[in-house]
Amino acid sequence: MSNTKHLSFLLLFSFLEANEDFIISPKIDLSLVFDKNEKDYSIIGKIVKQKDGLKHSSSVIGGDFGISSKKDDLEFVLQGSGITSLQNRSKDDEKINAPYFDNDKKDFFYLSNIYLSKQFESVNLKVGRQKYDNDLVNSNKRVTSNQYEGVYLDYKTNLLKINSFYFNKVASSSLANIVPFNHNYGVLGYGKCYQIGEFVSVSEHISNKDFDTNGAIVSDITFGDLKNNINIQNLYVEDFFNTFDISGKLNFIYDDLSFDTKLGLIKQFDVGENYYSYDYDNKKIDANMYQSSLRIKYQNIFTTFNYASSSSDENSVLNGTFISSFSNKLAWIKGPQTAHAFIADTISKEFLAGINFDIFSKKSTFIISSIYYDIGANNGLINSSLDTKE
């Protein structure tokens, strides 16, 4: 750490000590993980994992840890993030055998969340390194999370919620080491650069090339209440692409049954120089996905059916697969392989059923889920069709 950073921290703590009205509290989110895996992959597993099987054993502790200092509507957060091993690891060179560590399969630590937040009545302003979560830009958490450096602003009333976040640097979560196949494309939740625990420019994160761009801005607007609303999300990445997501949700009740219906469209197209297309014969970016959802609830029992369909266009980059470098949850279908849903020429279906109950006065939920992905031959990533289940 540089002398400048040491001096900054000394000044900060001196300031907090001199202002006794500040409330200082720990801000910790740590995970203890014991992970032992030994299995042979299916056909699609061999393709995306780039090996025949998986064998690793990891015991780690990691996450976010630091302090929050607050006075009235002003808050300062200082956190570090990292992962350390509790045992000797495999010396196999494949990254898949070290899914919790940095790009060199080593323990790591870095200053992740450093931001100043100020509440102005209905408006909140946050400046610095921070997390962000919606469908287009999210945390991709696996012990550590994606972190973004930028300026966040939100506005809330009873029926209207608006937030916007400009960011120009990204640090990948350790999830980026899970699927080496994606490192060739940067479309399944993180970019080609996938620097774990290290902030890089938005351009470098997406393409592994540091083009001269001004970063990205994501906005999220919801009008309505929790049961009936319209939601619009938009991600604009200068000289790369724009992703637009619109959905509507409607709730109605019939006797003892409650129905939640939802329809949505996600569209992505290139903007400006379209730097991503440089590796794909300067093709256009054009991706589309339609989604629908139906949830039926009777007392404490519920069922949900989710459906997604992505189009295909051979004149588009990767035949229309979504370039989702900041989110592995672009689709409503949420499962271990959720990124399959936004591959081009794919039909995705999810059925789940669950029950809500109390254990020792604690609300709990039990869920069973089945997900099916029909990946067509025009998917743009592999030269064949595939059916996968989970």
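Everything discussed here concerns the structure shown above.
Residues numbered from 1 in each chain as written. Predicted model: local features only at pLDDT ≥ 70, side-chain atom pairs only at ≥ 80, totals over all residues. Heavy atoms only, no water.

**A short note on the overall build of the protein chain**
Move 1: Of the regular secondary structure elements, the protein chain holds 3 helices and 17 strands.
Move 2: Relative to its 390 residues, the protein chain shows a buried fraction of 50%.
Move 3: When contacts within the protein chain are restricted to residue pairs at least 6 apart in sequence, long-range pairs at least 24 apart make up 60% of them.
Move 4: A total of about 19,600 Å² of accessible surface is found on the protein chain, and carbon and sulfur atoms cover 54% of it. (Helix = DSSP H or I, 4+ residues; strand = E, 2+ residues; numbered from the N terminus. Buried < 20%, exposed > 50% of the residue type's maximum accessible area, 1.4 Å probe, protein only. Contact = heavy atoms within 4.5 Å. Areas by Shrake-Rupley, 256 points an atom, 1.4 Å probe, with all protein chains shown as cover.)

**Digging into the layout of surface pockets**
Move 1: Counted as a void, the second largest pocket has a volume near 340 Å³.
Move 2: What lines the second largest pocket is a set of 15 residues, and nearest its centre among them are Leu226, Asn229, Asn231, Lys249 and Lys262.
Move 3: At the level of secondary structure, the elements contributing two or more residues to the lining of the second largest pocket comprise strand 9 (216–224), strand 10 (229–237) and strand 11 (241–254).
Move 4: Taken together, the residues of the lining of the second largest pocket sort by class into 2 nonpolar, 6 polar and 7 charged. (1 Å grid on protein atoms, 1.4 Å probe; cavity = no way out; pocket = protein on both sides within 12 Å on 5 of 7 lines; lining within 4 Å. Points joined across faces, edges and corners; volume = space filled by probe spheres on them. Nonpolar A, V, L, I, M, F, W, Y, C, P; charged D, E, K, R; others polar.)

**Side note on the packing of aromatic side chains**
Move 1: As enumerated under the stated definition, the model contains 18 aromatic pairs in all.
Move 2: Where Phe211 meets Tyr275, the ring centres are 4.0 Å apart and the plane angle is 0 degrees; that geometry is what we call stacked. Of this pair, Phe211 sits in the loop between helix 3 (202–207) and strand 9 while Tyr275 is found in the loop between strand 12 (257–270) and strand 13 (286–298), placing the two residues 64 residues apart along the sequence. Each member of the pair Phe211 and Tyr275 is classed as buried.
Move 3: One aromatic cluster is present, formed by Tyr132, Tyr148, Tyr152, Phe165, Phe167 and Phe326 through successive ring pairs.
Move 4: The positively charged end of Arg295 is found above the aromatic ring belonging to Phe302, 4.7 Å away from the centroid. (Phe/Tyr/Trp six-rings, centres within 6.5 Å; stacked < 30°, edge-to-face > 60°. Lys NZ or Arg CZ within 6 Å of the ring centre and 35° of its normal.)

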